[in-house]
Amino acid sequence: MARRGRDADAGAATMTVALAAPHQEAVRAGERAVAAGGNALDAALAAACTLTVVYPHQCALGGDLVALVRSPDGVTTAVVAAGTAPGDIGRLSSGWSAMPRAGAHSVTVPGLVAGWRELARLGAALPLDGMFRDAAAVAEEGTRVSAGLERALDSRREAVLADPGLRAVFAPEGAPLRQGALLRQPALAATLRRLAVDPRDLYAGETAQSIVGTLRAHGGAHTLADFAGYQPETVPAVTREIGGRAWSVAPPPSVGAILLGVVQAVAGPGDVEPDPTRVLDASLAGVAARTVYLGDPRSGGADLEAMLRLDAGPAAGRRPEPPAHGDTVAVVASDDAGWRVALVQSVFQTFGAGLLDPGTGVVLHNRGAAFSLDPASPARLAPGARPPHTLCPVIVHSTESTVVAGCQGGRAQPWILAQLLSAMTDPAQSLDDVLARPRWVVGDVDLGHAGLTLVAEPGVGDEVPAAARAHGLPVAWFPARADSAGHVQVVRTRGERSGVVFQAASDPRADGSAVVIPS
């Protein structure tokens with residue numbers, strides 16, 4: 001295949017960068033960015049941009065992003081690029097009995113591209129135009145359908161075939177593409193080239209006009225003013241000292257506080273891994289606290305401290321949560337200058353709202369499905385509000401090491417990470433071995449069950465299902481390693497006399513890889 005948009009012979013890397021992502025093409029894009037003089041942020045951004053081309057069922061330009069960046073001076077910042085509800089949504093929603101799970105009404109203003117601009121502003125070494133052109137070349141020349149994309153096309157076959165935009169790209173001959181087929185996306189390539197000239201085009205240009213036109217044609221309330229007015233939130237990360245380490249997550253509407261609550265609840269002395277039954281107990285408390293307290297602080301109701309305490313109180317269980325099928329990607333990177341980044345981007349459900357704008361090739365997310373129509377809920381729908389977010393990047397720092405991690409996994413992200421992070425912080429443990437461990441998740445409709453259920457991969461110890469049954473939870477089993485158990489990406493750095501040691505790993509459940517790019 002021809003050389004991509006960034007010159008692969010641009011020169012040797014100027015620093016060592018460790019990178020992990022769920023698709024090998026994305027990792028190669030990150031390598032090209034480093035070869036062009038980029039740092040960890042540039043590598044992560046290049047990988048993230050290419051993922052919108054090669055993993056469009058899990059992330060797209062029409063999705064959202066939540067990220068953490070730790071700078072060389074030790075400051076950890078959160079970028080919350082969660083999309084906002086249209087300004088006129090109140091008029092349309094007044095007669096609804098349930099929040100739509102797909103279609104135009106489930107689409108919030110996409111925050112992803114604005115989030116990338118913020119990440120670049122925080123410390124990237126390269127301009128953004130190169131990553132957009134690189135990804136455009138992949139879209140134009142084509143990429144081979146991965147095993148994960150084939151599974152996604154099969155799982156949402158009806159939705160893909162029902163939407164003219166999705167069908168034209170992913171089922172051009174009437175049936176969904178198969179693994180190994182060449183996927184070409186010329187409209188998306190053209191969009192990426194416009195964004196290379198001006199990323200704001202997605203919010204105030206030809207791209208915005210096309211997307212808004214498609215949404216309004218499907219009954220949406222979106223306006224060009226909604227898009228033009230969008231801004232991500234850049235704030236200090238939520239950081240707590242637990243077990244001698246600084247654990248950092250993004251603030252609400254991200255679910256990160258629940259992860260900290262679970263970790264705090266199970267923390268023991270030293271570096272001993274927590275009892276898995278205690279992780280389950282804390283996770284079940286987290287389910288209740290998330291339901292009661294997670295939402296957008298800007299529109300009222302979210303309670304950060306209650307989530308950190310896992311303190312749902314008497315209201316627990318009163319408000320049902322919407323499905324969260326968790327099609328998401330994580331990219332993590334670190335470099336020897338001291339930059340650390342964990343970004344998670346998503347279209348929420350597989351192929352999002354089931355809409356692809358034909359004019360731009362952009363798949364639109366359905367993150368708005370996570371809103372509640374209950375006026376007492378912290379996740380209540382309101383003009384300009386951001387829905388509760390499953391995206392949960394994390395950075396764990398101590399004087400000995402730093403672990404940067406993120407995962408796909410829908411609402412299960414905190415429980416997935418809580419099962420693994422203690423082992424990840426132990427430099428004696430292989431990251432690949434940790435990611436290969438069997439896992440369990442708890443969920444309901446997002447896992448195909450009517451009520452809250454523990455679902456485990458083969459090999460999970462008997463004590464966890466026994467503890468679930470003691471809580472009155474049904475227990476089910478995945479037949480093998482499962483996408484629903486998460487696609488975790490992790491980079492670990494530790495200092496030694498000879499210098500910084502980098503380790504990186506990509507989940508075997510995904511199609512990705514991890515590399516350490518030497519200087």
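Our subject is the structure listed above.
Residues numbered from 1 in each chain as written. Predicted model: local features only at pLDDT ≥ 70, side-chain atom pairs only at ≥ 80, totals over all residues. Heavy atoms only, no water.

Draft legend 1. How the structure looks around helix 4 (residues 112-123). Relative to the 16 Å expected for 12 residues at 1.5 Å per residue, helix 4 spans 17 Å between its end C-alpha atoms, a close match to the ideal helical length. Inspection of helix 4 places L112, V113, A114, G115, W116, E118, L119, A120 and G123 among the buried residues, and these make up the whole buried set. (Helix = DSSP H or I, 4+ residues; strand = E, 2+ residues; numbered from the N terminus. Expected span 1.5 Å × (residues − 1). Buried < 20%, exposed > 50% of the residue type's maximum accessible area, 1.4 Å probe, protein only.)

Draft legend 2. Fine view of the packing of aromatic side chains. Under the defined criterion, the tally for this structure stands at three aromatic pairs. When the centroid spacing of 5.9 Å and the interplanar angle of 55° are considered together, the rings of W116 and F132 count as tilted. Placement of the pair is W116 in helix 4 and F132 in helix 5 (residues 129-141), with a sequence separation of 16 residues. Pair check on accessibility: W116 and F132 agree, each one buried. Note on Y203 and Y230: the rings are 5.9 Å apart at their centroids and 15° apart in plane angle, and the pair reads as stacked. With a gap of 27 residues between them, Y203 in helix 10 (residues 201-204) and Y230 in the loop between helix 12 (224-228) and strand 6 (233-236) connect regions that are remote in the sequence. Given the relative accessible area of 1%, Y203 is considered buried. (Phe/Tyr/Trp six-rings, centres within 6.5 Å; stacked < 30°, edge-to-face > 60°.)

Draft legend 3. Just the environment of L431, in detail. Counting through the fold element by element, L431 comes out in helix 17 (residues 431-436). As a C-alpha pair, L431 and G142 span 289 residues in sequence and 32 Å in three-dimensional space. Not counting chain neighbours up to four residues away, the residues in contact with L431 comprise M424, V490, R492, Q503, A504 and A505. (Contact = heavy atoms within 4.5 Å.)

Draft legend 4. Region of the structure containing the environment of V262. Along the polypeptide, V262 turns up in helix 13 (residues 256-266). Note on V262: relative accessible area 0%, which makes it buried. In this structure the C-alpha to C-alpha distance between V262 and G459, which are 197 residues apart in sequence, comes to 23 Å. The residues touching V262, leaving out its near neighbours within four places in the chain, are V279, A282, S283, L310, W415 and A418.

Draft legend 5. Looking closely at the environment of P199. Within the secondary structure layout, P199 lies in the loop between helix 9 (186-197) and helix 10. Overall, the relative accessible area of 14% leaves P199 in the buried class. Put simply, P199 and D129 are 70 residues apart on the chain and 8.5 Å apart in space, counted from C-alpha to C-alpha.

Draft legend 6. Quick peek at the sheet that holds strand 15 (residues 440-443). Taken in spatial order, the three strands line up as 15-16-17 in an open sheet, and their pairing is mixed. Taken across any chain shown, the strands that pair with only one partner, and hence form the sheet edges, are strand 15 and strand 17 (475-477). On average, adjacent strands in this sheet sit at an angle of 25° to one another, irrespective of strand direction. Of the strand pairs in this sheet, strand 16 (residues 453-456) and strand 17 are connected by three bridges, and their pairing is parallel. From the neighbouring strand, V455 faces strand 17, where its bridge partner is A476. Strand contacts of helix 18 (residues 463-470): strand 15, strand 16 and strand 17, with the helix running at about 145° to strand 17, the strand carrying the most contacts. (Pairing = 2+ DSSP bridges. Axes fitted to C-alpha atoms, helices over the stretch in contact; angles between N-to-C directions.)

Draft legend 7. Local environment of the nonpolar core. Judged by nonpolar contacts, the single largest core of 72 residues is most densely connected at L61, L65, W116, F132 and L192. In terms of residue count, helix 2 (residues 40-54) provides more of this core than any other element does, 12 residues in total. In this structure, L61 is in contact with T52, P110, L112, V113, W116, L188, T191, L192, L195, L202 and V362, ignoring residues within four places of it in sequence. By size, the runner-up hydrophobic cluster in this structure holds 63 residues, among which are V255, A412, L417 and A418. (Core = buried A, V, L, I, M, F, W, Y, C linked by side-chain atoms within 4.5 Å.)

Draft legend 8. Representation of the side chain of S506 in the model. Assignment of secondary structure puts S506 in strand 19 (residues 499-506). Residue S506 is classed as buried on the basis of its relative accessible area, which comes to 12%. At 3.5 Å, the side chain of S506 and the backbone nitrogen of S513 are in polar contact. Dropping the residues within four chain positions of it, S506 is found in contact with A21, P22, L435, V488, Q489, G512, S513 and A514. (Polar contact = N/O pair within 3.5 Å; in protein donor to acceptor, adjacent residues only side chain to side chain.)

Draft legend 9. Looking closely at the pairing of strand 14 (residues 401-408). The buried fraction of strand 14 amounts to eight of the eight residues, a majority that puts the element mostly inside the structure. Side chains S401, V403, A405 and C407 project from strand 14 onto one buried face, and the interleaved T402, V404, G406 and Q408 project onto a second face that is buried too. Inspection of the sheet shows strand 13 (residues 394-397) paired to strand 14 by four bridges, in the antiparallel sense. When the bridges of strand 14 are listed, I395 appears paired with V404. In this antiparallel pair of consecutive strands, strand 13 and strand 14, the connection spans three residues.

Draft legend 10. Seen up close, the pattern of salt bridges. Counted by the stated rule, this structure contains 19 salt bridges. One salt bridge connects R151 with D483, and the closest N-O pair in it is separated by 2.9 Å. Pair noted here: R151 is in helix 6 (residues 147-155) and D483 is in the loop between strand 17 and strand 18 (487-496), with a separation of 332 residues, a long-range link. Residue class for D483 comes out partly exposed when judged on its relative accessible area of 27%. (Salt bridge = Lys/Arg side-chain N within 4 Å of Asp/Glu carboxyl O.)

Draft legend 11. Examining the packing of helix 13 against helix 16 (residues 413-424) more closely. Running from N to C, helix 13 and helix 16 point in directions that differ by 40°, and their axes come no closer than 9 Å. The angle between the axes of helix 13 and helix 16 places the two elements in the oblique class. Pair helix 13 / helix 16 crosses with right-handed handedness. Touching I258, L259 and V262 of helix 13 are P414, W415, L417, A418 and L421, all from helix 16. (Parallel < 35°, antiparallel > 145°, perpendicular 65-115°, else oblique. Left-handed = near helix turned anticlockwise from the far one by under 90°.)

Draft legend 12. Structural view of a negative patch on the surface. Together, D275, D281, D462 and E463 give the surface a local cluster of negative charge. The residue E463 is located in helix 18 in this model. By relative accessible area, which is 39% here, E463 ends up partly exposed. (Patch = residues over 30% accessible without salt bridge, like charges linked within 9 Å, V, L, I, M, F, W, Y side chains within 5 Å. Areas by Shrake-Rupley, 256 points an atom, 1.4 Å probe, with all protein chains shown as cover. Lys, Arg positive; Asp, Glu negative; His and termini not counted. Charge placed at Lys NZ, Arg CZ, Asp CG, Glu CD.)

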